[in-house]
Amino acid sequence: MRSLRLFVAVLSASRTVHRLVMANNQEAMQVCSLPLPPVQYFQNYSDENIRRGRASKPPPIIQETYTMFGNPYNAEDSIIRPLESQGFKRLYPQHFDRRRELRKLNHSLLVNFLDLLDLLIQCPDSPRRAEKVDDISLLFIHIHHLLNEFRPHQARETVRVMLDLQRRQRNETTIRLQKHIDKVSDILQQTLENLPDTELDSKLMVDTSKIDRLEQKNADEPRVDKCVPKDKLMCHLIDTMNNN
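Below you will find a few notes about this structure. Within any chain, residue numbers begin from 1 and follow the written order of that chain's sequence. Since the coordinates come from a predicted model, pLDDT governs what is reported: local features require at least 70, and pairs of side-chain atoms require 80 or more to be given and counted, while whole-chain, interface and lining totals use all residues. Side-chain numbers come from the whole structure's heavy atoms, not from hydrogens or water.

## Observations regarding the packing of helix 4 (residues 98-122) against helix 5 (residues 128-148)
Keep this limit in mind: Whenever a helix is involved, its axis is fitted only over the stretch in contact; in every case the axis is a line through C-alpha atoms, and angles between N-to-C directions fall within 0 to 180 degrees. Each helix is a run of DSSP H or I of at least 4 residues and each strand a run of E of at least 2, with the numbering of both proceeding from the N terminus. We call two directions roughly parallel when the angle between them is under 35 degrees, roughly antiparallel when it is over 145, roughly perpendicular when it lies between 65 and 115, and oblique otherwise. Handedness of each helix crossing follows the sense of rotation of the near helix against the far helix: counterclockwise by less than a right angle gives left-handed, clockwise gives right-handed. Gly is placed with the polar residues, together with every amino acid not listed as nonpolar (Ala, Val, Leu, Ile, Met, Phe, Trp, Tyr, Cys and Pro) or charged (Asp, Glu, Lys and Arg).
The contact between helix 4 and helix 5 brings their axes to 9 Å, and the two run at 160°. The angle between the axes of helix 4 and helix 5 places the two elements in the roughly antiparallel class. Seen along the crossing, helix 4 lies across helix 5 with a hand that is left-handed. Of the residues in the contact of helix 4 with helix 5, the class split is 14 nonpolar, four polar and seven charged.

## Comments concerning the nonpolar core
The nonpolar side chains of a soluble globular protein tend to be buried, and buried together. Put simply, the rule reads: For the purposes of this section, nonpolar cores are sets of buried Ala, Val, Leu, Ile, Met, Phe, Trp, Tyr and Cys residues that join through side-chain atoms within 4.5 Å. Note on classification: 1.4 Å probe, protein chains only; a residue is buried when its accessible area is under 20% of the maximum for its type, exposed when over 50%, partly exposed between these limits. In this analysis, two residues are considered to be in contact whenever any of their non-hydrogen atoms come within 4.5 Å of each other.
Among the nonpolar cores identified, the biggest contains 10 residues, and these are Leu-83, Tyr-92, Leu-102, Leu-105, Leu-109, Leu-116, Ile-136, Leu-139, Ile-143 and Leu-146. For this core, the secondary-structure elements that each account for two or more residues are helix 4 and helix 5. Non-local contacts of Leu-83, meaning those with residues more than four positions away in its chain, are made with Phe-88, Arg-90, Tyr-92, Ile-141, His-142 and His-145.

## Points about the pairing of strand 1 (residues 65-68)
What counts is decided by this rule: The pairing criterion is simple: DSSP has to find at least two bridges between the two strands.
As paired elements, strand 1 and strand 2 (residues 71-74) share four bridges and run antiparallel to each other. Bridging across to strand 2, Thr-67 finds its partner in Pro-72. Hairpin connection, strand 1 to strand 2: the antiparallel pair is bridged by two residues, and Phe-69 has positive phi, about 55°.

## Quick notes on helix 5
Let me state the cut-off plainly: For a helix, the expected span equals 1.5 Å multiplied by the residue count minus one.
When the terminal C-alpha atoms of helix 5 are compared, their 30 Å separation across 21 residues agrees well with the 30 Å that a helix rising 1.5 Å per residue should span. Within the sequence span of helix 5, burial applies to Lys-132, Ile-136, Leu-138, Leu-139, His-142, Ile-143, His-145 and Leu-146. The secondary structure elements touched by the buried residues of helix 5 are helix 4.

Structure below.
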């Protein structure tokens, strides 16, 4: 009896927890910090909604400043801001080769990391340790900045590759479609060639000469009146009565 009560209590507690979880999930579904999926947006821009004016208007263009990921930005700033505007010291000149500078930064990063390991082994409490950490952080920032400057080129190359892939796919589709059209044309031509002639075979023709002679014979023979005399008399009496 005690075990049964314990089982009922556990079951009731589990149901309560399930209701609380479902309620929290519903609240989380109703209030979501992330934007809705794209389907929820572009379905509103159907032809009927646009014709009736039900489609939502696009957001206005930002004219001044805006915040992204907690950082303020100005609409007139370039997409990739220079390091000086972000408060970092530039380690390479204004005009440079990005590949060469990235290679140099990579080597400098490795050297500074080895120096930091030596400091940690020989003199862990040295103030130069913080300087080396700052130098390594600055090198990482420069590497990240140089890689970001390749983003426009990467975007253009990605679009070019996508367009080239679409062009190849359409050409292949056109070639396959033309092959199917040629195959169907060949099948139709073979079918037309294999059709029988419109003239009937002599073996299948019916000899109508006998039927024609029989009809001519019936037409030439005198017609014999097969009417019974009593029927003729009755017909004559009826005709007489109708005339009177």
